[in-house]
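Structural overview
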Amino acid sequence: MQSVRVRKRSLLGWLTALLIPVSLLHAMTANAAVPSTPSGWSLVWADDFNGSAGSLPSSANWQIDTGHGYPGGPGNWGTGEIQNYTANPANLSLDGSGNLRITPIGSGQNWTSARIETRRSDFKPASGRILRIEGRIQMPNVTGNAALGYWPAFWALGAPYRGNYWNWPAIGEFDIMENVNGINSVWAVLHCGVSPGGPCNETNGLGNSRACPGSSCQSAFHTYRFEWDRSVNPNQLRWYVDGQQYHSVSQSQFDATTWNNMTSHAGYFILLNVAMGGGFPNGVAGFGTPTSATVSGRPMVVDYVAVWQSGTPTSPPPNSPSPSPPPSGGVDARSTIQAEAYQAQQGTIRETTTDSGGGQNVGAIANGDWLRFDGVNFGSTAATQFRARVASGAAGGVSGLVQVRLDSLTGPVIGDFALANTGGWQSWRTIPANVTPVTGTHTVYLTFTSGQPADFVNVNWFTFSTT
């Protein structure tokens with residue numbers, strides 16, 4: 001699923017895909033648990049999509065994208081797709097049988113659908129290990145003219161894309177499964193470097209496609225897998241369907257800068273979505289999609305998504321004390337925590353700051369926006385004060401609260417301060433606030449509340465202390 005481009009394909013490639021037979025059978029929904037972890041591997045993360053019918057996917061695992069683009073990012077998600085993404089259970093919900101359904105609904109040029117992404121954005125193999133991202137998915141069960149415009153995808157984006165939205169494709173994109181227009185074919189694509197052109201031949205990317213083994217992609221579940229292999233030199237990227245490899249890319253194909261930009265950051269987050277229309281389905285069809293023939297309500301059904309890494313944890317020597325596990329995120333509450341180092345956010349952007357030390361700040365913050373920081377370690381001595389480096393160019397009469405919450409976006413506020421115009425969006429002040437005494441390791445949320453809809457604050461960094 002590309003971010004900022006219109007995909008182009010060779011005519012021969014499209015004709016080859018279109019000549020593949022397409023099954024018209026309807027498969028029963030299948031429920032299979034996340035496979036047991038293979039010997040020599042360890043489970044990093046997984047979601048089996050268990051839950052009551054009609055409920056949304058786990059908010060601890062996923063964040064829901066809405067609208068026609070990220071705030072401050074390219075319109076129509078950068079691809080020309082036309083749907084409005086929602087959190088409506090009609091578009092996004094569990095089916096009560098261990099599956100997630102993403103269902104486009106609409107007609108003509110008016111469609112709704114859904115797109116979710118993992119809260120974690122650190123999926124990356126350790127040195128000498130292999131990372132495996134896998135999902136068991138049935139594509140929307142629709143073919144022919146009725147499928148024109150359908151664009152299901154299972155993919156991953158580099159973590160620096162969050163909050164920037166203009167650094168694609170340098171930060172990397174792994175398209176694990178893409179399909180358009182109900183064709184019995186799965187596409188695997190790598191995006192990197194610069195656009196247009198560059199080492200990944202943007203806006204096309206470096207890709208390959210094949211028919212799904214056995215039953216068609218639309219009529220049955222298939223397992224789609226991506227592997228990032230750091231156990232070999234040069235490193236390799238590999239794509240599979242039902243265990244059969246059909247695409248690979250080697251580190252040796254790239255210059256050092258391109259590879260480092262794609263692999264040396266914190267890692268990747270995983271996305272699932274069904275778009276309608278846009279550059280890829282339009283390019284395949286040779287005209288705009290969806291059309292009046294396109295049918296509504298055919299879901300992509302996801303049985304599970306899981307991430308494994310090769311290797312198993314090393315056992316401590318006999319009789320040695322058990323080490324305390326490091327907090328997830330590993331952030332000292334008393335350090336200077338950069339606002340742009342969040343693990344998840346809603347409604348904000350990253351931008352270059354003129355504050356001392358340079359770097360980036362988080363901006364465009366308004367009522368209802370938030371930032372999440374995982375594994376903030378307060379230690380055994382209680383922190384009682386919070387300080388934040390903030391700026392505001394808000395108009396007269398516009399102000400709001402910067403609030404601190406622990407472990408839940410809706411948890412009680414343990415401390416806050418009010419802020420109005422400071423003289424400009426890069427006119428920085430350090431504002432203190434008392435907080436309820438805190439020890440231990442917590443997820444910290446900064447939440448922002450205002451009686452007006454306008455942006456009211458930028459944040460550069462924050463910290464906690466005992467005085």
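Residues numbered from 1 in each chain as written. Predicted model: local features only at pLDDT ≥ 70, side-chain atom pairs only at ≥ 80, totals over all residues. Heavy atoms only, no water.

- Naming follows an unreviewed UniProt entry, where the protein chain appears as Endo-1,3-beta-glucanase of Acrocarpospora phusangensis.

**Focus on the overall build of the protein chain**
- Helix and strand counts for the protein chain stand at three helices and 30 strands.
- Considering only contacts within the protein chain whose residues lie at least 6 apart along the sequence, 76% involve residues at least 24 apart.
- Counting only carbon and sulfur atoms, one obtains 52% of the accessible surface of the protein chain, whose full area is about 17900 Å². (Helix = DSSP H or I, 4+ residues; strand = E, 2+ residues; numbered from the N terminus. Contact = heavy atoms within 4.5 Å. Areas by Shrake-Rupley, 256 points an atom, 1.4 Å probe, with all protein chains shown as cover.)

**Examining unusual backbone geometry**
- In this structure, the amide linkage connecting E202 to the following residue, T203, adopts the cis form with an omega of 20°.
- The residue after T289, namely P290, is reached through a cis peptide bond having omega -5°.
- With respect to the element layout, P290 can be found in the loop between α3 (279–285) and β18 (300–310).
- Unusually for a residue other than glycine, N201 sits at a positive phi of about 55°.
- By the element assignment, N201 lies in the loop between β12 (186–191) and β13 (206–210).

**Quick look at the state of the cysteines**
- All told, the structure shown has two disulfides when counted by the stated rule.
- The side chain of C212 participates in a disulfide bridge whose partner is C217; the two sulfur atoms lie 2.0 Å from each other. Measuring the twist about the S-S bond at about 100°, one finds the C212-C217 disulfide to be right-handed. The pair formed by C212 and C217 is uniform in burial state, with each residue classed as buried.
- Numbered by order of appearance in the sequence, the disulfide-linked cysteines of the protein chain pair as 1-2, 3-4. (Disulfide = S-S within 2.5 Å. Buried < 20%, exposed > 50% of the residue type's maximum accessible area, 1.4 Å probe, protein only.)

**Structural notes on the sheet that holds strand β2 (residues 62–65)**
- Read across the sheet, seven strands follow the order β2-β8-β17-β10-β11-β12-β13 without closing on themselves; strand pairing throughout is antiparallel. Each edge of the open sheet carries a strand with a single partner, namely β2 and β13. Strand-to-strand twist in this sheet, taken as the mean axis angle between neighbours without regard to direction, amounts to 15°.
- Where strand β10 (residues 150–158) meets strand β17 (residues 268–276), nine bridges bridge the pair, whose relative direction is antiparallel. Bridge pairing in β17 links Y150 to M276. (Pairing = 2+ DSSP bridges. Axes fitted to C-alpha atoms, helices over the stretch in contact; angles between N-to-C directions.)

**Quick word on the environment of A344**
- Counting through the fold element by element, A344 comes out in strand β21 (residues 344–346).
- Relative accessible area serves as the criterion here: at 0%, A344 is assigned to the buried category.
- Put simply, A344 and R119 are 225 residues apart on the chain and 5.9 Å apart in space, counted from C-alpha to C-alpha.
- Apart from the residues lying within four places of it in its own chain, the contact partners of A344 are Q63, R119, W370, L371 and R372.

**Considerations on the pattern of salt bridges**
- All told, the structure shown has 11 salt bridges when counted by the stated rule.
- Here E227 and R132 are joined by a salt bridge, their closest N and O atoms 3.0 Å apart. Of the two residues, E227 sits in strand β14 (residues 222–229) while R132 sits in strand β9 (residues 130–138), which places them 95 residues apart along the sequence.
- Its salt-bridge partner being R238, residue E227 comes within 2.9 Å of it at the nearest N-O pair. (Salt bridge = Lys/Arg side-chain N within 4 Å of Asp/Glu carboxyl O.)

**Description of the packing of aromatic side chains**
- Applying the stated criterion to the full structure yields 24 aromatic pairs.
- With a centroid separation of 5.5 Å and 75° between ring planes, the pair formed by W45 and W62 is classed as edge-to-face. Of this pair, W45 sits in strand β1 (residues 41–47) while W62 sits in strand β2, and the two are 17 residues apart along the sequence.
- Taking relative accessible area as the criterion, W45 reaches 8% and is therefore assigned buried.
- On the basis of an interplanar angle of 85° and a centroid distance of 5.8 Å, the ring pair of W151 and F280 is categorised as edge-to-face. Here the residue W151 occupies a position in strand β10, and F280 occupies one in helix α3, the gap between them amounting to 129 residues.
- Assessed through its relative accessible area of 1%, W151 is described here as buried.
- Joined through ring pairs, the aromatic side chains of F373, F378, F386, F417, F462 and F464 make up one cluster.
- Stacked on the ring of Y240, the Lys or Arg R225 has its end atom at 4.1 Å from the ring centre. (Phe/Tyr/Trp six-rings, centres within 6.5 Å; stacked < 30°, edge-to-face > 60°. Lys NZ or Arg CZ within 6 Å of the ring centre and 35° of its normal.)

**Quick look at the confidence of the model for the protein chain**
- For the protein chain, per-residue confidence averages 89 on the pLDDT scale, and residues scoring 70 or more make up 89% of the total.
- For the stretch residues 313–329, pLDDT sits under 50, and the model shows eight contacts to residues farther than four places along the chain or on other chains. (pLDDT = per-residue confidence, 0-100.)

**Let's talk about the nonpolar core**
- Counting 52 residues, the largest nonpolar core has L100, F154, F174, L190, Y224, L237 and L272 as the members making the most contacts within it.
- Per-element tally for this core: the top contributor is β17, with five residues.
- The residues contacting L100, other than those within four sequence positions of it, are F49, P57, L92, S93, L94, I116, L272, M300, V301 and V302.
- Counting 34 residues, the second-largest nonpolar core is a separate cluster that includes V376, L419, V457 and V459. (Core = buried A, V, L, I, M, F, W, Y, C linked by side-chain atoms within 4.5 Å.)

**Some details on the side chain of D47**
- For D47, the position within the fold is in strand β1.
- Although D47 is buried, it forms no salt bridge, and the closest oppositely charged side chain is R119 at an N-O distance of 10 Å.
- Among the polar contacts listed, one links the side chain of D47 to the side chain of N61, at a separation of 3.0 Å. (Lys, Arg positive; Asp, Glu negative; His and termini not counted. Polar contact = N/O pair within 3.5 Å; in protein donor to acceptor, adjacent residues only side chain to side chain.)

**Quick look at the sheet that holds strand β7 (residues 110–113)**
- If you trace the three strands from one edge of the open sheet to the other, you get β3-β7-β6, paired in mixed fashion. Both edges of this open sheet fall to β3 (84–85) and β6 (105–107), since each of them pairs with a single strand only.
- Where β3 and β7 come together, two bridges link them in parallel fashion. From the neighbouring strand, N84 faces β7, where its bridge partner is T112.

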